[in-house]
Amino acid sequence: MLQVAINGYGTIGKRVADAVRAQPDMAVAGVAKTRPNFEAETAVERGYPLYAAVADRAERFAEAGLEVEGPVADLVAAADVVVDATPSGIGASNKELYQEYDTPAIYQGGEDADVADVSFNARSNYADAIDAEHVRVVSCNTTGLSRLIAPLSETYGIEKVRATLVRRGGDPGQTSRGPINDILPDPVTIPSHHGPDVNTIFPDVDIDTMGLKVPATLMHTHSLNVTLESAVDAADVRDLLAEEDRLFLIPETFDIDGAGKLKEYADDVGRPRGDLWENCIWAESVSTEGRDLYCFQAIHQESDVVPENIDAIRAVTGAADAAESVARTNETMGIGL
Ligand code: NAD
């Protein structure tokens with residue numbers, strides 16, 4: 001049973017903890033937080049041992065009536081692997097701690113690529129992370145792009161990817177990002193960081209990305225044009241994408257016209273927190289003009305990286321190969337709509 005530490009118990013960390021608990025070969029050794037809040041309360045309610053991420057703040061937890069097991073260093077020392085889900089940039093400063101205890105670490109996409117030996121997407125390069133010490137699960141958007149690029153590249157070959165990413169302004173709980181009412185080219189320069197980030201997974205793919213931020217919290221939406229190496233039929237592309245467990249082709253008959261209904265659908269099918277772990281691709285948007293493929297996909301920023309973290313845990317510990325790990329993660333989480 002792999003003992004997994006989770007340092008940073010916010011949007012990503014709490015979802016990773018629940019996904020770890022659902023695995024037959026993993027257990028949550030504990031979660032570390034900087035301060036008491038509703039997430040610390042629910043961590044304790046769920047039975048996750050709570051650790052203080054900043055040792056001299058432990059008494060703040062006691063004042064809030066929460067018992068901590070000890071400092072985060074104790075958790076890192078006891079665990080087989082640590083998932084760092086702290087805010088962007090903090091993961092890099094935690095690296096020394098993980099090295100001190102020789103605990104392999106998984107970082108998130110908010111960190112620069114050079115924090116890790118490998119940038120990771122299970123569908124695309126699982127094998128590169130086997131037995132690596134430091135692995136970065138790429139961001140929600142890069143995960144979404146990589147899952148789509150992998151089958152297209154393997155089956156047809158890719159000449160060029162052009163993607164426009166319409167990004168949510170903040171997560172639903174990120175009240176500090178609002179109130180907002182604007183549409184920002186973000187960044188206004190081209191390319192956005194997403195294209196170079198995709199190249200950490202696919203070094204040879206020619207990709208240009210442009211980003212915008214809009215006053216929405218539900219999901220990101222990508223508008224894609226992929227020039228393939230040969231002319232393809234849209235129906236064949238749909239069949240290819242439908243075979244991928246982490247791609248959900250939204251059937252035309254569902255009458256889902258945007259992120260609002262997608263999230264409603266996730267709630268209706270009983271997804272925890274209304275999570276959508278899969279890329280959500282509108283089937284009727286998948287169109288071709290000769291070698292050019294077009295489509296729209298929505299990406300649930302809070303959850304698509306969660307199964308990737310589970311697979312990264314198995315990769316760094318050498319616990320399973322890609323096919324075994326992905327199948328187990330998909331089955332235990334109920335991935336595949
Ligand atoms: P978050 O702010 O929701 O959660 C971060 C948690 O870490 C909070 O509980 C915070 O209190 C805690 N924390 C702060 N400093 C800490 C420290 N020094 N040690 C331990 N814990 C500390 O952030 P998030 O959205 O979960 O993002 C975490 C990482 O995941 C970032 O790299 C982010 O870029 C990446 N990511 C976020 C999203 C998203 O949409 N939210 C999607 C993909 C990847």
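Throughout, a residue's number is its position along its own chain's written sequence, starting from 1. Local features in a predicted model are, by the rule used here, given only for residues with pLDDT of at least 70; side-chain atom pairs are given and counted only at 80 or more, and totals for whole chains, interfaces and linings are based on all residues. Calculation of side-chain values draws on the structure's entire complement of heavy atoms; hydrogens and water are dropped beforehand.

The next point concerns the packing of helix H7 (residues 140–155) against helix H9 (residues 234–242). With their axes 10 Å apart at the nearest point, H7 and H9 run at an angle of 120 degrees to one another. Classified by the interaxial angle, the pair formed by H7 and H9 is oblique. At the point where H7 passes H9, the crossing takes the right-handed sense. Here Leu148, Pro151, Leu152 and Thr155 of H7 lie close against H9, whose contacting residues are Val237, Leu240 and Leu241. Along the lines of polarity and charge, the residues of the contact of H7 with H9 split into six nonpolar, one polar and no charged. Between N-to-C directions, angles span 0 to 180 degrees; the directions come from axes that are lines fitted to C-alpha atoms, helices contributing only their stretch in contact. A run of H or I in DSSP becomes a helix once it reaches four residues, and a run of E becomes a strand once it reaches two; helices and strands are each numbered from the N terminus. Angles are sorted into four bins: roughly parallel if under 35 degrees, roughly antiparallel if over 145, roughly perpendicular if 65 to 115, and oblique for all others. Helix crossings get a hand from a simple test, with the near helix turned counterclockwise from the far one by less than a right angle marking a left-handed crossing and a clockwise turn marking a right-handed one. Note on contacts: a residue pair qualifies if any of its non-hydrogen atoms lie within 4.5 Å across the two residues. Polar here means any residue outside two lists: the nonpolar Ala, Val, Leu, Ile, Met, Phe, Trp, Tyr, Cys and Pro, and the charged Asp, Glu, Lys and Arg; Gly therefore counts as polar.

On strand S4 (residues 81–84), burial covers both faces: Val81 and Val83 on one face and Val82 and Asp84 on the other are all buried. Handedness rule for crossovers: strands pointing away from the viewer, path from the first strand over the helix to the second running clockwise, crossover right-handed. Where the polypeptide runs from S4 across helix H5 (residues 90–100) and back to strand S5 (residues 105–107), its parallel neighbour, the crossover connection is right-handed. Relative accessibility under 20% of the residue-type maximum defines a buried residue, over 50% an exposed one, and the middle range a partly exposed one, all with a 1.4 Å probe and only protein chains included.

Left-over empty space is what a probe sized like a water molecule reveals as it rolls over the atoms. By volume, the second largest pocket is sized at about 220 Å³. Grid points spaced at 1 Å and placed over the protein atoms alone form the basis of the search, with a cavity being a set where a 1.4 Å probe fits but cannot get out and a pocket an open set showing protein on both sides within 12 Å along at least five of seven lines. Lining residues have an atom within 4 Å of a point. Lining of the second largest pocket is provided by 13 residues; of these, Ala122, Arg123, Glu244, Arg246 and Val326 occupy positions nearest its centre. Elements supplying a minimum of two residues to the lining of the second largest pocket: helix H6 (122–125) and helix H12 (322–333). The element that contributes the greatest number of residues to the lining of the second largest pocket is H12, accounting for four residues. The residue inventory of the lining of the second largest pocket, partitioned by class, reads six nonpolar, one polar and six charged. Per-domain counts for the lining of the second largest pocket show at least three residues from each of domain 1 (2–138 + 305–333) and domain 2 (140–299). Grid points are joined across faces, edges and corners, and a volume is the space filled by probe spheres set on the points. In this document the domain limits rely on a domain assignment from an automatic tool or a database.

Right, let's talk about the domain arrangement of the chain for a bit. Here the domain parsing of the chain yields domain 1 (2–138 + 305–333) and domain 2 (140–299). Relative to domain 2, the C-alpha centre of domain 1 lies at a distance of 26 Å. Taken together, the contact between domain 1 and domain 2 spans 24 residues of the former and 19 residues of the latter. Defined here as a combined quantity, buried area equals the accessible surface (1.4 Å probe) lost by two parts on assembly, summed across both. When the two sides are added together, the surface that domain 1 and domain 2 hide from each other amounts to roughly 1,700 Å², 46% of it contributed by carbon and sulfur. Take a side-chain nitrogen of Lys or Arg and a carboxyl oxygen of Asp or Glu: if they are within 4 Å of each other, that pair is a salt bridge. Our count for the contact surface shared by domain 1 and domain 2 stands at eight salt bridges. A salt bridge links Arg136 to Asp197; the shortest N-O distance between them is 2.6 Å.

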